[in-house]
Amino acid sequence: MALSAAPGIKAAIPKMAKERLRIAIQKSGRLTDKSLDLLSRCGLDFARSKDALFCFGRNMPVDLLLVRDDDIPGFLAEGICDVGLVGDNVAAEKACASFFSGKPSQAKTVQRVRGLGYGACRLSIALPQEYAYHHLGDLQGMTLATSYPALLQKFLDEQKIEARVIYLSGSVEIAPRLGTADGICDLVSSGATLAANRLQEVHTLLESEAALYQRDLSAETKKQNILNVLLQRLNSVLQVSASKYVMLHAPASQVAAITQILPAAESPTVLPLEGTTQRVAVHTLCRENVLWEHLEQLKAIGASAILVLPVEKMLA
Ligand code: PRT
Ligand code: ZN
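Calculation criteria
Residues numbered from 1 in each chain as written. Chains lettered and ligands numbered in written order. Predicted model: local features only at pLDDT ≥ 70, side-chain atom pairs only at ≥ 80, totals over all residues. Heavy atoms only, no water. Helix = DSSP H or I, 4+ residues; strand = E, 2+ residues; numbered from the N terminus. Polar contact = N/O pair within 3.5 Å; in protein donor to acceptor, adjacent residues only side chain to side chain. Contact = heavy atoms within 4.5 Å. Domains from an automatic or database assignment. Donors = N, O, S within 2.8 Å, 3.2 Å for Na, K, Ca; no water. Tetrahedral: all angles 85-135°; square planar, octahedral: opposite > 155°, others 65-115°. Buried < 20%, exposed > 50% of the residue type's maximum accessible area, 1.4 Å probe, protein only. Pairing = 2+ DSSP bridges. Axes fitted to C-alpha atoms, helices over the stretch in contact; angles between N-to-C directions.

Here we take up the side chain of Thr-32. Tracing the backbone through its elements, the reader meets Thr-32 in helix α2 (residues 32-41). From its side chain, Thr-32 meets the backbone nitrogen of Gly-29 in a polar contact 2.9 Å long. Those residues in contact with Thr-32 that lie beyond four places of it in its chain are Gln-26 and Lys-27.

Quick look at the domain arrangement of the chain now. Reports often express the size of an interface as the amount of accessible area lost when the parts come together. When the domains of the chain are assigned, the result is domain 1 (9-118 + 210-240), domain 2 (121-208) and domain 3 (243-310). Summarising the inter-unit geometry, the C-alpha centres of domain 1 and domain 3 are found 40 Å apart.

At the metal site, the zinc ion (ligand 2) is ligated by Asp-69 (OD) and Asp-70 (OD), and these contacts range over 2.0 to 2.1 Å. Coordination at the zinc ion (ligand 2) is irregular, judged from the four donor atoms that bind it and the angles of 74 to 169° they form at the metal. Given the relative accessible area of 24%, Asp-70 is considered partly exposed.

Taken in spatial order, the seven strands make up an open sheet running β2-β3-β4-β1-β5-β12-β6, and their pairing is mixed. For this open sheet the edge positions go to β2 (46-47) and β6 (110-115), each flanked by a neighbour on one side alone. Strand direction decides the pairing type here: strand β1 (residues 21-26) and strand β5 (residues 83-87), joined by two bridges, are parallel. Along β5, the bridge assignment pairs Ile-23 with Val-83. Sheet contacts for helix α4 (residues 88-100): β5, β6 and β12 (210-215); angle to β5, the most-contacted strand, approximately 105°.

See the structure below:
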């Protein structure tokens, strides 16, 4: 936990206003654009200069802190920010590290509120492709390189596997080729990096996505109320991203089958079509993403003129 950065951060940002919620996001990295976009879709507008660490919220009492993702759990625990958008992998590693360092209370004050639907990845152990892996016991006596030493050590302890953990801050995947380690424990999303380095994924320790974490605000009602408004908007925005409005023509006899095929479909509006009693127009809201497979199934039971429209805003 890079708490050593805290005095610098404290000096760089305005005095903590008791009535303003402070959200930390990653300054520059994989989560930055999606986090900014999500907050903007929640209606938040920030006065943002390019290199600023701190951005003032123009239309709500919510300010932004732009920092390294690894610092976010520590800043939450220290009360430097109130809310953080950060990968579960980072939050779990910091919580685990503070547990090992004898400060479990830090981890307890920071709560995961909800996943945000982006930044999906998994923390996995990988070994050279030529290694004939059978089971976890094969890791016994190996040296594993990782940027997640606390999570890996906890996993090995739980499995009663004695392996040596070495910490690398980056380029973990080349460690086996350099002869520094037998295997690695690193983040994987598409698997392309593992394949390019001739590594096989043998076990997943953690599934991760970007998530909203908060510190305990039970004694700060105003801030918690602001967060509640933001969470309500977030719920709508995230539900809308998955929702689709579907319009199609179909045999009148197939309306029930159509709502069965469509994912999480609401009760449909069924309208007559000019010049026929055999076919009808069906309109419905689907609360989950509509895939090509769904459209193909609809076509197979006689649907035509199938339109899938994005939903911009929704208030349930
Ligand atoms: O500077 P700062 O410390 O803020 O950023 P960072 O360099 O530590 O993090 P960054 O921007 O690389 O990632 C931020 C977060 O994105 C991570 O903490 C995860 O929560 C999430 N995320 C999602 C990923 C990936 N997917 C991912 N694939 N973070 C890293 N990777 C790397 C992985 O380490 C490996 O090198 O991508 C490579 C594997 O990708 P595939 O697609 O080839 O499998
Ligand atoms: Zn980082």
